[in-house]
Every structure is written in structure tokens, then in C-alpha cells.
Amino acid sequence: MTFHPHLAKLQPYPFEKLKRLFADTKPDTTYKAISLGIGEPKHPTPEFIKQALIENMDGLASYPLTAGTEALRSSISQWLARRYSIPAPNPATQILPVNGSREALFALAQTIINPEKCENGLPLILCPNPFYQIYEGAAYLSGAEPYFANADPARNFAPDYSSIPEEVWKRVQLLFVCSPGNPTGAVLSLDNWQELFDLSDRYGFVIAADECYSEIYFKTEAPLGSLEAARLLGRTNYPRLITLSSLSKRSNVPGMRSGFVAGDEEIIKNFLLYRTYHGSAMSPMIQAASVQAWDDEVHVQENRSKYVKKFAQITPILKEVLEVDLPDAAFYLWAKVDHLNGISDTEFARRLYEQYNVTVLPGSYLAREAHGINPGQNRIRMALVAEVDECLEAAQRIVAFCKGLITN
Ligand SMILES: Cc1ncc(COP(=O)(O)O)c(C=O)c1O
């Protein structure tokens, strides 16, 4: 048998690494287990979305189109226009539904990367570091290599793109950005976008903006989106830009697998061609329920206000013991731990699990060693996805644990 040679380059998922880290550790089960590990929404799915699924089962009798229904593309277009104060993108040419942003991030690399075009080695996909692990797999399996740009805490976790050498830029065909970022929660500014657009104009690469956390934020102003930034900077037709978004976090429906891509028409056209062969049309009932979800903002505001209250309560408690701040957006706290007697992120996670039965994710599992450092090292990611009481309980145990680390 033969297999794709790059499959061997795929790293175990962070949760696999965590399982190994905890393999010989027994948690104190006098405490109920609480996980802040997995970044999966846990607030309930709104009833009207469940009802819409039930009411639209008739569509199952026919094959859906890969391009989706006009109703869905038009509802997404209207949502983009309302959310980002931009003219409604053309639903026929600038929008495609996808089965969650994860598959689209992966498939996009298959569409964009041209291994025959690159001189001096394999094509590169520029990834933030730390990052969502799909970017790396998408790079390897499209015949490219990831090039990691380390998040810089001094720049609100944006990488220092100006430090990347010219020879590297010449090989970059696709650049992933994640704003709001997982795990940092940081939102890119208009200046950050200007820099990225200038680089894309100069070197010709495509920018894929992963914006699946855009609706969970803690400031009065909603996070700036890539299409919005492009319009503000006069880039009317979104050249070489594609944005990816999703209902998973916005509407608490990760199981529905519903998202979209929008932007540059030529990319959308080629992506649609790729997707018809890949067979990634969205189920008709999911499409119908998605229309209702994109059209409604009330449940999104309610969801956001739950996160706002939760983060306002939890962050100050953890700030007593950890180096942590309220992020711009998303549902993670990205905390530094090494001031606690030099403890590493992995040791922090292991001992917290052992002593207090609370799971957090070591930051180094979400990043790669690049340019001499692993930028996730000495940090932990806490996903505040559970209801507030459970998060509060976890925060109190973390405080007790950290106080123990200082005194021991
Ligand atoms: C940064 C980031 N992008 C994309 C996704 C995928 O989300 P979905 O496929 O549910 O849209 C996730 C999921 O956790 C994520 O954290």
C-alpha cells in the first residue's frame, strides 16, 4: 500500500498530547472534573434553530448544490453588509457556504497552492504561531510547508511581519490570519491589515482570514473584519482576500457544521470548482436552519452578553495569581504562568489536574518551536465555555493551586 507521504508530518492534536501528559496522573476525585481544555461552545443551541432543522427535513429527498441555495447566500451577504457596514457582497459570485470553517481552511489550501510554481523549495503557507492546528495540516497536505510567524505580545500578539526575509515572502502562496485569535483573543487593527494587504500586493499571495470568533467580544466596538478593513482601505473587490466565518461559536451550533467563505470572486470561482469534485455540499436542512440563524441577531447578543459577564467575573479572580488580561474577543484566557516559581506550562497543567481535577491546555501544545522559541511556552489556554458557576469554581481552584505553588 502507499499513502500520501506528508501524512507522516501531521502532529498529534493538542488533546492527544494532553492525554499522554495525564497518562500516569490520577486526579483528586473529591473534586468534580472541570475542563477548560476544549474550545467548544457549551451554551445551549437556540430552540428556533433546532426547530428550523426539524421543519426542513423534506429537503433530504434531493442532492443539494455545492454553491448552496440562493436564500442562504443572500442571507450571508445581508449579514456581512449589516455586520461590517459594507455593500452587500454579490451572493452569486462572492460567497460560498461551507461545512464549518475547519474544512474550508483545509480545502482552500488545496485550491490555492501551486507546487509547480515555486522556485527554491516548496511553496510556503504563512501561519501565526500559536495557531489553530488545521493550518499546519492544510499546508502539508497541499504540498506546501508551514512557515511560522511568532505572535509578539508587545504587538497585541500580531507577528512582526517586517522581520520575515524577502526569500521567504517570495515563496509564500497563502497566509492564514486568525482574528479574533485562537488562543490569544487578539483582534487585528486597520494598520495590521494595511501591512498585510501591502505584502499581498507585493508578493501575490492569498490572505485567508479565519474570523470564526468575530461575534464574541468584550469591547463596545465589534472586532474589525477583513472585508471591512479592505473596504476602508479602498480595496473594493477584495483582491486575493478570502474571509471564513461560521455559526459554530456565534450561534452555539458546532454540530451543525455551517459556515461560509466570502471575498475575491476568482478565488470563490476556483474554490467552487474544487468543492464540486470534493463533494462538500451542505445538507438542505442545515442550509435552511442556517438562513434563520444568520438572519437573527437577538440570540447572538444574548450569547455574547453571557460571555461578557462571565469574563468580567472570572478574569479579575485569575489575575490575582496569573499574568492574564481580558482579551479583545473569543472565549479564551491566554495566561502566563512561569512567574510561579518558574513552573512550565505542561507541569502547571499536569499538577493542576492532579491536585484539583481542572483541565487547562499547555500553550506549547498550540504552537511550534520557530526562530529559537516556542511562543506558547509558559502559557496556558483556558476556554471559558461552560456556564458561569462551573467557570467560577474552576477559577477558585486555580487560585488555590497557584497560592500553593508560591508557598511550597
Ligand atoms: C481558530 C479556529 N478556526 C476555525 C475553527 C473551526 O470552527 P468550525 O469548523 O466549527 O467553523 C476553530 C474551532 O475551534 C478555531 O478555533
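We now turn to the structure provided with this report.

Cut-offs applied
- The written sequence of each chain sets the order in which its residues are numbered from 1.
- Local features in this predicted model are restricted to residues whose pLDDT is 70 or higher, and side-chain atom pairs enter the listing and the counts only when it is 80 or higher, whereas totals over whole chains, interfaces and linings include all residues.
- Side-chain metrics rest on all non-hydrogen atoms present in the structure, leaving aside hydrogens and water.
- Each helix is a run of H or I in the DSSP string that is no shorter than four residues. Each strand is a run of E no shorter than two, and both are numbered from the N terminus.
- For the radius of gyration, the atom set is restricted to C-alpha positions; the globular benchmark scales as 2.2 Å times the number of residues to the power 0.38.
- Burial classes: relative accessible area under 20% of the type maximum marks a residue as buried, over 50% as exposed, and values in between as partly exposed (1.4 Å probe, protein chains only).
- The criterion used for residue contact is that any of the two residues' heavy atoms lie within 4.5 Å.
- Here the accessible surface of atoms and residues is derived via Shrake-Rupley with a 1.4 Å probe, and residues count as covered only by protein chains that are part of the display.
- Whether a residue is near a molecule or strand depends on its heavy atoms: it is near if one of them lies within 4 Å of it.
- Side-chain atoms alone can form a polar contact between residues adjacent in sequence; in general such a contact is a pair of N or O atoms within 3.5 Å, and within protein one must be able to donate a hydrogen while the other accepts it.
- For this scheme, ten residues count as nonpolar: Ala, Val, Leu, Ile, Met, Phe, Trp, Tyr, Cys and Pro. Four count as charged, namely Asp, Glu, Lys and Arg, and the remainder, Gly too, count as polar.
- For two strands to be treated as a pair, DSSP must find at least two bridges joining them.
- Each helix should span, by expectation, one fewer than its residue count multiplied by 1.5 Å.
- Each Phe, Tyr or Trp ring, with Trp reduced to its six-membered ring, pairs with another whose centre is within 6.5 Å; inter-plane angles below 30 degrees give stacked pairs, above 60 give edge-to-face pairs, and intermediate values give tilted ones.
- Only when the NZ atom of a Lys or the CZ atom of an Arg is both within 6 Å of the ring centre and within 35 degrees of the ring normal do we say a charge sits over the ring.

### Quick word on the overall build of the protein
Reasoning step 1: Regarding its fold elements, the protein presents 14 helices and twelve strands.
Reasoning step 2: Relative to the compact-globule value of 22 Å for 408 residues, the protein shows a C-alpha radius of gyration of 21 Å, a close match.
Reasoning step 3: Reported as C-alpha extents along the three principal axes, the dimensions of the protein are approximately 60 × 55 × 50 Å.
Reasoning step 4: Residues counted as buried form 57% of the 408 residues belonging to the protein.
Reasoning step 5: Restricting the contact set of the protein to residue pairs at least 6 apart, pairs at least 24 apart contribute 74%.
Reasoning step 6: When the accessible surface of the protein is totalled, it reaches about 17,700 Å², and 52% of it is carbon and sulfur.

### Looking at the environment of Leu405
Reasoning step 1: Its location among the elements puts Leu405 in helix H14 (residues 388–407).
Reasoning step 2: Under the relative-accessibility criterion, Leu405 is labelled buried at 7%.
Reasoning step 3: Residues Leu405 and Ile343 lie 62 residues apart in sequence; the distance between their C-alpha atoms is 8.6 Å.
Reasoning step 4: Residues in contact with Leu405, not counting those within four places in the same chain, are Leu340, Asn341, Ile343, Phe348 and Arg351.

### Considering the site of the ligand
Reasoning step 1: Taken together, 14 residues form the shell around the ligand, and within it Ser101, Asp210, Ser248, Lys249 and Arg257 come nearest.
Reasoning step 2: Between the ligand and Arg102 there is a distance of 2.9 Å, counted from an oxygen atom to a backbone nitrogen or oxygen.
Reasoning step 3: Between the ligand and Asp210 there is a distance of 2.6 Å, counted from a nitrogen atom to a side-chain nitrogen or oxygen.
Reasoning step 4: Protein chains shield 92% of the accessible area of the ligand, which is 390 Å² for the free molecule.
Reasoning step 5: Contributing elements (two or more residues each) for the shell around the ligand: helix H4 (101–112) and helix H9 (247–250).
Reasoning step 6: In terms of residues, the shell around the ligand owes the most to one element, H4, which gives three residues.
Reasoning step 7: When grouped by side-chain class, the residues that make up the shell around the ligand number five nonpolar, five polar and four charged.

### Quick notes on the pairing of strand E5 (residues 172–178)
Reasoning step 1: Most of E5 is tucked away, with seven of its seven residues classed as buried.
Reasoning step 2: With three bridges connecting them, strand E3 (residues 124–129) and E5 associate as parallel partners. Within E5, the position partnered with Leu126 by the bridge is Leu175.
Reasoning step 3: The pairing of E5 with strand E6 (residues 206–210) spans five bridges and is parallel. Bridge pairing in E6 links Leu174 to Val206.

### Examining helix H3 (residues 70–84)
Reasoning step 1: Relative to the 21 Å expected for 15 residues at 1.5 Å per residue, H3 spans 21 Å between its end C-alpha atoms, a close match to the ideal helical length.
Reasoning step 2: Residues Leu72, Arg73, Ser75, Ile76, Ser77, Trp79, Leu80, Ala81, Arg83 and Tyr84 constitute the buried set of H3.
Reasoning step 3: The inward-facing, buried residues of H3 contact strand E2 (95–98), helix H8 (226–232), strand E7 (241–246), H9, strand E8 (259–263) and helix H11 (284–295).
Reasoning step 4: Ser85 sits one or two residues past H3 and shows a positive phi near 50°.

### Some thoughts on the packing of aromatic side chains
Reasoning step 1: Applying the stated criterion across every chain, the model contains 21 aromatic pairs.
Reasoning step 2: Between Tyr13 and Phe15 the ring centres are 6.4 Å apart and the planes differ by 40°, which places this aromatic pair in the tilted class.
Reasoning step 3: Residue class for Tyr13 comes out partly exposed when judged on its relative accessible area of 26%.
Reasoning step 4: Note on Trp79 and Tyr84: the rings are 6.0 Å apart at their centroids and 80° apart in plane angle, and the pair reads as edge-to-face.
Reasoning step 5: Ring-pair connections join several aromatic residues into one group, and the members of that group are Tyr31, Phe348, Tyr356 and Phe401.
Reasoning step 6: Arg275 extends its terminal NZ or CZ atom over the ring of Phe271, reaching a point 4.9 Å from the ring centre.

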